[in-house]
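What follows is the residue order along each chain.
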Amino acid sequence: MPTGDFVQEGAPVTEAGAEALLRGICFKTGPPSTVGVELEWFVHELHLPELPVEPARLEAAMAALRALPLLSALTVEPGGQLELSSLPAPSLTECVDSVSADLDAVRAVLRSRDLGLTGIGTDPWHPPKRLLREPRYDAMEAYLDRAGPAGRAMMCSSASVQVCLDAGHEEPGPLGYGRRWLLAHLLGAVLSAAFANSPFHQRRRTGWRSTRQALWTEIEPGRSFAPPLDAEPRGAWTGRVLDAPVMCVRGGTDAPWDVPEGLSFRSWIRSGAPRPPTRADLDYHLTTLFPPVRPRGHLELRMIDAQPGDHGWIVPLAVTTALFDDPAAAEIAYRTVKPLAETAGLLPAPRNPLWINAARYGLADAELRSAAETCFDAALDALPRLGASTAVQCAVAAFTERYVVHGRCPADDLLDPAHGKDIRI
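One structure accompanies this document, and this report is about it. (Residues numbered from 1 in each chain as written. Predicted model: local features only at pLDDT ≥ 70, side-chain atom pairs only at ≥ 80, totals over all residues. Heavy atoms only, no water.)

1. Comments concerning the overall build of the protein
Okay, step 1: Of the regular secondary structure elements, the protein holds 19 helices and 9 strands.
Okay, step 2: Rg of the C-alpha trace for the protein: 21 Å, near the compact-globule value of 22 Å for 425 residues, within the 12% margin.
Okay, step 3: Taken along its principal axes, the extent of the C-alpha atoms in the protein is 60 × 50 × 40 Å.
Okay, step 4: The burial tally for the protein puts 58% of its 425 residues in the buried class.
Okay, step 5: Across the protein, contacts joining residues at least 24 apart in sequence account for 74% of those joining residues at least 6 apart.
Okay, step 6: Carbon and sulfur atoms make up 55% of the accessible area of the protein, which totals about 16,800 Å².
Okay, step 7: In the protein, 41 side chains carry a positive charge and 52 a negative one; their mean positions are 3 Å apart. (Helix = DSSP H or I, 4+ residues; strand = E, 2+ residues; numbered from the N terminus. Rg over C-alpha atoms; globule rule 2.2 N^0.38 Å. Buried < 20%, exposed > 50% of the residue type's maximum accessible area, 1.4 Å probe, protein only. Contact = heavy atoms within 4.5 Å. Areas by Shrake-Rupley, 256 points an atom, 1.4 Å probe, with all protein chains shown as cover. Lys, Arg positive; Asp, Glu negative; His and termini not counted. Charge placed at Lys NZ, Arg CZ, Asp CG, Glu CD.)

See the structure below:
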């Protein structure tokens, strides 16, 4: 690929330069060898989780957490959610071990302050309330509010498990990047259904097993929808990025950011107004796109709700890694989910019928349940080949037995009156 069209940080970006850059950085191919995870959690009062944490207490707790020598990056989301983002790990085991150690340290600090972490896809108690006051979040909220309340709820009232995997080989095959891109968008619906864990929002049943996933269907399509899957992935994603609306034009230090209407990044390049965009603007624009699968050199799978329990996050991480990185399991998963494309139809994820069924019904949907049973069995077979520990294998087996074989998901526990009392709805 020629390098002359690549743009430099701070220099105005041309349309050809932006296309070359996107094609070069979004799908970095090679043998799958690393795995990562990003975990979002709600911070709550340890003994009365339905009570909101006072902002001053939360800020003091976060300051104490930032002093910890963590391997993961620790950040705070606009609504006060805590996020841990692992480093790329050379194996599933190393990823689990490093993040588990970081979480143990985080929980110890929070516990000393009578605070804890809740793993659930949407805040079941409180309306969205933004705690971080920064120009970028002011601009993001103003932009998302134009399409309705879903964007603000996504910012402040949602939490997820995001699994990050290498894009795959350049050539075709079970581990080729084209196959993995398609697999992510079909298997993604199965993962969304199996791990759905957000049936409540603002103290009411929403009618969805994954309210968090339902929110994504209501956010502006150019920002949250997948690109066409019948096109070559690099070209399809490049077109989606350049034609997506610009959320905001960054201002100077502490200055308000402009929130344009109807301005795509491509049209911004062509017009050069309100100022010519730079490489830094393109990099930031990429962070404001929220499709269910986001290529960032690696593939970032964003459709899984935050999971209950201290270690619930390990199961979706292990299952997803096994189904993508073990060649035999990847082949089984692909053959299993490929027929789901007929249900998905021509609409993009997450607004097509397949993804809507996953969010609304979880594994109560017979088609998704059948696919999940086959895929989870394949993952269980693959985990020993990936060197997964006995504890990880047992966790996946227990989840499979408790939920998958019975057509249930964690949301069904919350909807059961015997379990719903645990979160005091």
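Text resumes after the structure shown.
2. A closer look at the pairing of strand β5 (residues 160-166)
Okay, step 1: Burial analysis of β5 places 7 of its 7 residues in the buried class, the great majority of the element.
Okay, step 2: Pairing of strand β1 (residues 35-45) with β5, which is carried by 5 bridges, proceeds in the antiparallel orientation. Across the sheet, residue glutamate 38 finds its bridge partner in β5, namely glutamine 162.
Okay, step 3: Two strands pair when backbone bridges link them, and β5 and strand β9 (residues 298-305) are joined in this way by 6 bridges, in the antiparallel orientation. Residue valine 163 lies in a different strand from β9, and its bridge partner there is leucine 301. (Pairing = 2+ DSSP bridges.)

3. Side note on helix α5 (residues 150-157)
Okay, step 1: For α5, the buried fraction is high: 7 of the 8 residues fall into the buried class.
Okay, step 2: Every buried residue of α5 is accounted for by Ala150, Gly151, Ala153, Met154, Met155, Cys156 and Ser157.

4. Details of the packing of aromatic side chains
Okay, step 1: Using the criterion set out here, one finds 9 aromatic pairs in the structure.
Okay, step 2: Ring centres 5.5 Å apart and planes at 80° place the aromatic pair tryptophan 257 and tyrosine 284 in the edge-to-face group. Placement of the pair is tryptophan 257 in the loop between α9 (233-243) and α10 (265-271) and tyrosine 284 in helix α11 (residues 279-287), with a sequence separation of 27 residues.
Okay, step 3: Judged by its relative accessible area of 15%, tyrosine 284 is buried.
Okay, step 4: For arginine 107, the ring lying beneath its charged end belongs to tryptophan 41, and the centroid distance is 5.0 Å.
Okay, step 5: It is arginine 360 that lies over the ring of tryptophan 208; its NZ or CZ is 3.9 Å from the centre. (Phe/Tyr/Trp six-rings, centres within 6.5 Å; stacked < 30°, edge-to-face > 60°. Lys NZ or Arg CZ within 6 Å of the ring centre and 35° of its normal.)

5. Here's the deal with the environment of leucine 22
Okay, step 1: By secondary structure assignment, the location of leucine 22 is in helix α1 (residues 15-25).
Okay, step 2: Separated by 212 residues in the primary sequence, leucine 22 and arginine 234 have C-alpha atoms spaced 7.8 Å apart.
Okay, step 3: Those residues in contact with leucine 22 that lie beyond four places of it in its chain are Thr238, Val241, Leu242, Leu282 and Leu286.

6. Points about unusual backbone geometry
Okay, step 1: Look at the link from alanine 273 to proline 274: it is a cis peptide, with omega at 10°.
Okay, step 2: In this structure, the amide linkage connecting alanine 349 to the following residue, proline 350, adopts the cis form with an omega of 5°.
Okay, step 3: Locating proline 350 in the fold gives a position in the loop between α14 (340-344) and α15 (353-361).
Okay, step 4: The backbone phi angle of aspartate 114 is positive, close to 60°, even though this residue is not glycine.
Okay, step 5: Relative to the helices and strands, aspartate 114 is located in the loop between α3 (92-112) and β4 (115-118).

7. Here's the deal with the packing of helix α12 (residues 314-325) against helix α16 (residues 366-382)
Okay, step 1: Where α12 meets α16, the closest approach of the two axes is 9 Å, and the angle between their N-to-C directions is 85°. Between α12 and α16, the angle is such that the two are roughly perpendicular. In this structure, α12 contributes Val319, Ala322 and Leu323 to the contact, and α16 contributes Cys375, Phe376, Ala378, Ala379 and Ala382.
Okay, step 2: Grouping the constituent residues of the contact of α12 with α16 by class yields 8 nonpolar, no polar and no charged. (Axes fitted to C-alpha atoms, helices over the stretch in contact; angles between N-to-C directions. Parallel < 35°, antiparallel > 145°, perpendicular 65-115°, else oblique. Nonpolar A, V, L, I, M, F, W, Y, C, P; charged D, E, K, R; others polar.)

8. Let's talk about the pattern of salt bridges
Okay, step 1: Taken as a whole and assessed by the stated rule, the structure comprises 29 salt bridges.
Okay, step 2: Among the ionic pairs, aspartate 310 bridges to arginine 107, the shortest N-O distance being 3.4 Å. Here aspartate 310 is found in the loop between β9 and α12, whereas its partner arginine 107 is found in helix α3, with 203 residues between them in sequence.
Okay, step 3: Relative accessible area serves as the criterion here: at 42%, aspartate 310 is assigned to the partly exposed category.
Okay, step 4: For arginine 107, a relative accessible area of 11% translates into the label buried.
Okay, step 5: Put simply, aspartate 412 and arginine 209 hold a salt bridge, and the shortest N to O gap is 2.8 Å. Of this pair, aspartate 412 sits in helix α18 (residues 410-415) while arginine 209 sits in the loop between β7 (204-205) and α7 (211-218); the two residues are 203 residues apart in sequence, bridging distant segments of the chain. The same class applies to aspartate 412 and to arginine 209, which are both buried.
Okay, step 6: By sharing partners, the salt bridges in this structure join Glu15, Glu19, Asp243, Arg266 and Arg270 into a single network. (Salt bridge = Lys/Arg side-chain N within 4 Å of Asp/Glu carboxyl O.)

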